[in-house]
Amino acid sequence: MLEKLISAEACDRLSRRAAELIAQKKDEFDKAVFSTRDQEKTSNDWFLESGDKIRLFMEEEKNPNTTRHRVNKIGHAMHDLDPEFAAFSRQAPLADIAHDIGLQDPVLMQSMYIFKQPFIGGEVRVHQDSTFLFTEPLSCVGFWIAIQDATVENGCLFALPGGQKEPLRERFQRDEKGGTALVKLEASPLPETGYVPLEAPRGTLVLLHGNLPHFSEANRSGVPREAYAVHVVERSADYPASNWLQRGNELALRGFA
Ligand code: FE2
């Protein structure tokens with residue numbers, strides 16, 4: 001965890017850009033997801049096709065007051081499709097840190113702008129990020145940046161000290177019958193206790209090893225908790241076609257350069 005690595009100005013710019021994207025995409029989302037009868041298939045497709053797009057994903061709980069406060073996250077390719085997100089994702093400190101932690105030729109696979117909206121921001125259950133970005137050999141690393149102060153009250157991350165040594169328990173992949181499936185790799189569940197809060201002032205970078213178990217609780221406070229996460233994998237690692245997140249050939253994977 002590197003406190004205040006990113007400037008407050010850069011965090012504010014990204015937050016404003018996220019708000020602009022939501023304003024632009026409001027109609028598109030309502031049309032694509034809420035007004036169809038085949039809700040499950042539509043929301044599955046919405047998710048599965050998002051690896052090379054910029055899409056909104058909504059909270060399960062609804063806040064009737066504003067549109068913005070219904071958004072759970074934006075994903076999953078802003079880092080390649082939106083100039084402001086692209087530049088933020090490739091700031092010098094991030095590239096330097098990727099090199100320092102021994103990544104050889106990382107590619108930016110996925111980006112998420114995560115809202116923990118006041119009062120309704122949902123929990124994220126304990127998981128390992130390599131479950132969602134599986135490679136052989138395992139190579140996923142998350143660059144999680146607090147865009148606003150993350151505290152125990154507004155749903156900061158909790159992680160298991162030393163947990164990067166835990167074997168990967170599950171793989172989240174495309175199901176042959178459509179939709180997605182969680183496939184068990186290990187019978188034993190992830191530890192349930194021993195997690196510590198990672199309170200992170202705005203601009204703090206939290207590096208997440210792909211095997212590190214972590215979670216975040218719901219935000220029941222009135223204070224928003226926005227964060228931005230970019231996940232990288234090694235270009236040389238095998239990235240299975242069964243992974244949930246795929247991108248078309250027309251959008252090439254790029255590293256930090
Ligand atoms: Fe995660």
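Residues numbered from 1 in each chain as written. Predicted model: local features only at pLDDT ≥ 70, side-chain atom pairs only at ≥ 80, totals over all residues. Heavy atoms only, no water.

## So, the overall build of the chain
Then comes step 1: Along the backbone of the chain there are five helices and twelve strands.
Then comes step 2: Of all 257 residues assigned to the chain, the portion counted as buried reaches 51%.
Then comes step 3: Within the chain, contacts between residues separated by at least 24 positions form 81% of all contacts whose residues are at least 6 apart in sequence. (Helix = DSSP H or I, 4+ residues; strand = E, 2+ residues; numbered from the N terminus. Buried < 20%, exposed > 50% of the residue type's maximum accessible area, 1.4 Å probe, protein only. Contact = heavy atoms within 4.5 Å.)

## Observations regarding the environment of Val223
Then comes step 1: Residue position: Val223 is located in the loop between strand 11 (214-216) and strand 12 (225-234).
Then comes step 2: Residue Val223 is classed as partly exposed on the basis of its relative accessible area of 48%.
Then comes step 3: The spacing of Val223 and Asn154 is 69 residues in sequence and 6.2 Å in space, taken between C-alpha atoms.

## Things to note about the sheet that holds strand 12
Then comes step 1: Strand order in the open sheet formed by six strands is 1-2-3-12-5-10, and the pairing between neighbours is antiparallel. The sheet is open, and its two borders are formed by strand 1 (54-58) and strand 10 (205-209), each paired with just one other strand. Ignoring which end each strand starts from, the neighbouring axes of this sheet average 20° apart.
Then comes step 2: Summarising the sheet, strand 5 (residues 141-146) and strand 12 pair through six bridges and their orientation is antiparallel. Looking at the pairing, Val141 lines up with Val232 of strand 12.
Then comes step 3: The sheet contacts of helix 5 (residues 92-100) involve strand 3 (106-116), strand 5 and strand 10, and relative to strand 5 the element is tilted by about 145°. (Pairing = 2+ DSSP bridges. Axes fitted to C-alpha atoms, helices over the stretch in contact; angles between N-to-C directions.)

## Notes on the confidence of the model for the chain
For residues with low pLDDT, the predicted coordinates do not support detailed interpretation.
Then comes step 1: For the chain, the average pLDDT comes to 91, and 90% of its residues sit at 70 or higher.
Then comes step 2: Predicted confidence for residues 31-37 stays below pLDDT 50, and this span has twelve contacts to residues more than four positions away or in other chains. (pLDDT = per-residue confidence, 0-100.)

## Thoughts on the nonpolar core
Then comes step 1: Formed by 31 residues in total, the largest nonpolar core has its most connected members in Ile74, Tyr113, Phe143 and Tyr228.
Then comes step 2: Of all the secondary-structure elements, those providing two or more residues to this core are helix 1 (8-34), strand 1, strand 2 (71-76), helix 4 (83-89), helix 5, strand 3, strand 5 and strand 12.
Then comes step 3: When residues in this core are grouped by element, the largest group, six residues, is from helix 1.
Then comes step 4: Excluding anything up to four places from it in sequence, Ile74 contacts Ala18, Leu21, Ile22, Ile54, Arg55, Leu56, Ser111, Met112, Tyr113 and Phe115.
Then comes step 5: Trp144, Leu157, Tyr195 and Phe215 belong to the second largest nonpolar core, which has 20 residues in total. (Core = buried A, V, L, I, M, F, W, Y, C linked by side-chain atoms within 4.5 Å.)

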